[in-house]
Structures are given as C-alpha cells and as structure tokens.
Amino acid sequence: MTFAGIIAIFLFLGLIIGDWYQFTTLKSWACHYGCPLAHRKNALDSQSVSSIAPAFQTGALPLPHGIARWVADRKVIVIRPYYQLFSLRFRTAWPLKGTIAVNSDGSQLLLHLSKRIPWSSAILTLMWLLFVIGGTLTFVVLFILDGGISTVGGVFWVIGMTALGILVLAGGLILLSFAYRLEDSRLMQVYQELLDVLTAHPLKDSDKSANS
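Residues numbered from 1 in each chain as written. Predicted model: local features only at pLDDT ≥ 70, side-chain atom pairs only at ≥ 80, totals over all residues. Heavy atoms only, no water.

A. Molecular detail of the sheet that holds strand β6 (residues 108–117). Taken in spatial order, the six strands make up an open sheet running β1-β6-β5-β4-β3-β2, and their pairing is antiparallel. Each of the sheet's edge strands pairs with one partner strand only, and the pair in question is β1 (35–45) and β2 (60–63). Averaged over all pairs of adjacent strands, the angle between their axes in this sheet comes to 20°, without regard to strand direction. Sheet analysis places strand β4 (residues 76–81) next to strand β5 (residues 97–105), joined by four bridges and oriented antiparallel. (Pairing = 2+ DSSP bridges. Helix = DSSP H or I, 4+ residues; strand = E, 2+ residues; numbered from the N terminus. Axes fitted to C-alpha atoms, helices over the stretch in contact; angles between N-to-C directions.)

In structure tokens, the structure reads:
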C-alpha cells in the first residue's frame, strides 16, 4: 500500500507538472490549452491580419512584462506574463495566460481575448470548494439525523461547525478573488503592451515608405 501511495503521488505530481508545461509553453499545439475563465473583445482601426505579422518576425515578441507569439496557421496570438523561477514578485497558484483570436472585419482587426488558467488549478480549486461545502453539509445532516440537536449543546455545536465551514469557505473565496485580481492585472498589462505594439507598428512601416 505504501509503494502504491508513493506511485500515486508521483503520478499526481507528474500530471500537474505536465499540465503547467502545456499551459506555459507558447507552442502552436498548446495555444488553446487551459481552462477559459473570461473573455474580452477589442477592435483596431485600419488594420488587417497580414499587417500584424511583421511585429512577430522572430516568432515570439518580447514585451516589457511578458511575451507574445503569433500562430499564423490558427490566426491566434498567445500572451503570458514572464514566469521567472526565482523572481521576487509574488506568484499565485492560478496564473493566467491569454489566447487572442484574430479576425478581420473590413477596415478593422478584431481581437477576441480568452483568459485561461491551468486545468490542474481549476480542478483542484473546484475539488477544494466541493470538499468544504460537502463536508460541512454532510456533518450537519448526519449530526442532526443522529439526534445531535436534541440538546442545547448539540445545537450550539451544529451552529459552530456551520460557522467554521462558512469562515473557511469565505477565506478561500477571498484568496481566490485576490489571486485572480493580481494575475489578471499582470495579464492585462501584457495585453495592453501588445496593443501598443500592434497599433504603432503599421505607422512605422508607413513612415519608412513615405521617406523612401
């Protein structure tokens, strides 16, 4: 049993590491990998799909606070903040990356941003929430069915355990909200830097053609 438990732990860690690798990589086959959480749309005037390709001449576009990659065959831009192993910046267990679907609509370039987190983070968070809620409700129901509230002490015991479950759940939700806001601000900073590059790049090209 001990050996089976050790193997299960290693498999579990391997799945998490593989999940995070597929999430953080900028390869074309993993551009849509991750659990989608939120969406945002933007439109750039006087742009076409082909006009943004020169900004990605080396494949990946380094930005001040992140990196972007243009996947031409899928018409998708993948962005993510920099992930540094020994960075002094606080990192959470719910990192965000962006998958931007690029389409042309007449004289506008439509950008559809999808914010994603690793599947392991989403699944473990959901399991934790279900464990807290389900565990609290199961205890209360079983305690009541066993006649636990037949005394005043039993009633206070149920109230205390319910309050404890609510406090744990509220604390977890506050942590999730803080982590999402923090990671979302980092991703949107990279997204805005990308928009600045895409907006300025055609102007540079037009200036060069005018001077020549």
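B. Fine view of the nonpolar core. Core analysis: the biggest nonpolar cluster contains 27 residues, and I77, I79 and L194 have the highest contact counts within it. If you list the elements that add at least two residues to this core, you get β1, β2, β3 (66–71), β4, β5, β6 and α3 (152–211). Those residues in contact with I77 that sit more than four places away from it in its chain are I52, F56, A68, R69, W70, G98, T99, I100, V102, L194 and L198. (Core = buried A, V, L, I, M, F, W, Y, C linked by side-chain atoms within 4.5 Å. Buried < 20%, exposed > 50% of the residue type's maximum accessible area, 1.4 Å probe, protein only. Contact = heavy atoms within 4.5 Å.)

C. Quick peek at the pairing of β4. Among the six residues of β4, six are classified as buried, and the element is accordingly described as predominantly covered. Going residue by residue along β4, you find V76, V78 and R80 tucked away on one face and I77, I79 and P81 tucked away on the opposite face as well. Here β3 pairs with β4 via six bridges, running antiparallel. The residue of β4 that forms the bridge with A68 is I79. The hairpin formed by β3 and β4 contains four residues between the paired strands, and K75 there has a positive phi angle of roughly 55°.

D. Layout of helix α2 (residues 119–145). Spanning 27 residues, α2 covers 38 Å between terminal C-alpha atoms, matching the ideal 39 Å at 1.5 Å per step. Within α2, the full set of buried residues consists of S120, S121, A122, T125, L129, V132, T136 and V140. Immediately downstream of α2, the backbone of G147 shows phi near 80°, a positive value. (Expected span 1.5 Å × (residues − 1).)

E. Region of the structure containing the pattern of salt bridges. Across all of its chains, the model carries two salt bridges by this definition. In this structure, D184 and K115 form a salt bridge, with 2.6 Å as the shortest nitrogen-oxygen distance. Taken together, the positions of D184 in helix α3 and K115 in strand β6 put the pair 69 residues apart, joining distant regions of the chain. Using a relative accessible area of 17% as the deciding quantity, one classes D184 as buried. Close ionic contact of R186 with E183 constitutes a salt bridge, the shortest N to O distance being 3.5 Å. (Salt bridge = Lys/Arg side-chain N within 4 Å of Asp/Glu carboxyl O.)

F. Looking closely at the pairing of β6. The element β6 is extensively covered by neighbouring structure, given that seven of its 10 residues are classed as buried. Sheet topology places β5 next to β6; nine bridges connect them, and they run antiparallel. By the bridge assignment for β6, S104 is matched with L109. Where β5 folds back on β6, the antiparallel hairpin that results is connected by two residues, among which G106 adopts a positive phi of roughly 70°.

G. Spatial organisation of the packing of aromatic side chains. As enumerated under the stated definition, the model contains two aromatic pairs in all. With a centroid separation of 6.5 Å and an interplanar angle of 35°, the aromatic rings of F56 and W70 are classed as tilted. Taken together, the positions of F56 in the loop between β1 and β2 and W70 in strand β3 put the pair 14 residues apart, joining distant regions of the chain. Like W70, F56 is buried. Seen from their ring centres, F139 and F143 are 5.6 Å apart, and the 25° between their planes marks the pair as stacked. You can see F139 and its partner F143 sitting in helix α2, four residues apart, about one turn around the helix. For F139, a relative accessible area of 28% corresponds to the partly exposed category. Stacked on the ring of F23, the Lys or Arg K97 has its end atom at 5.3 Å from the ring centre. (Phe/Tyr/Trp six-rings, centres within 6.5 Å; stacked < 30°, edge-to-face > 60°. Lys NZ or Arg CZ within 6 Å of the ring centre and 35° of its normal.)

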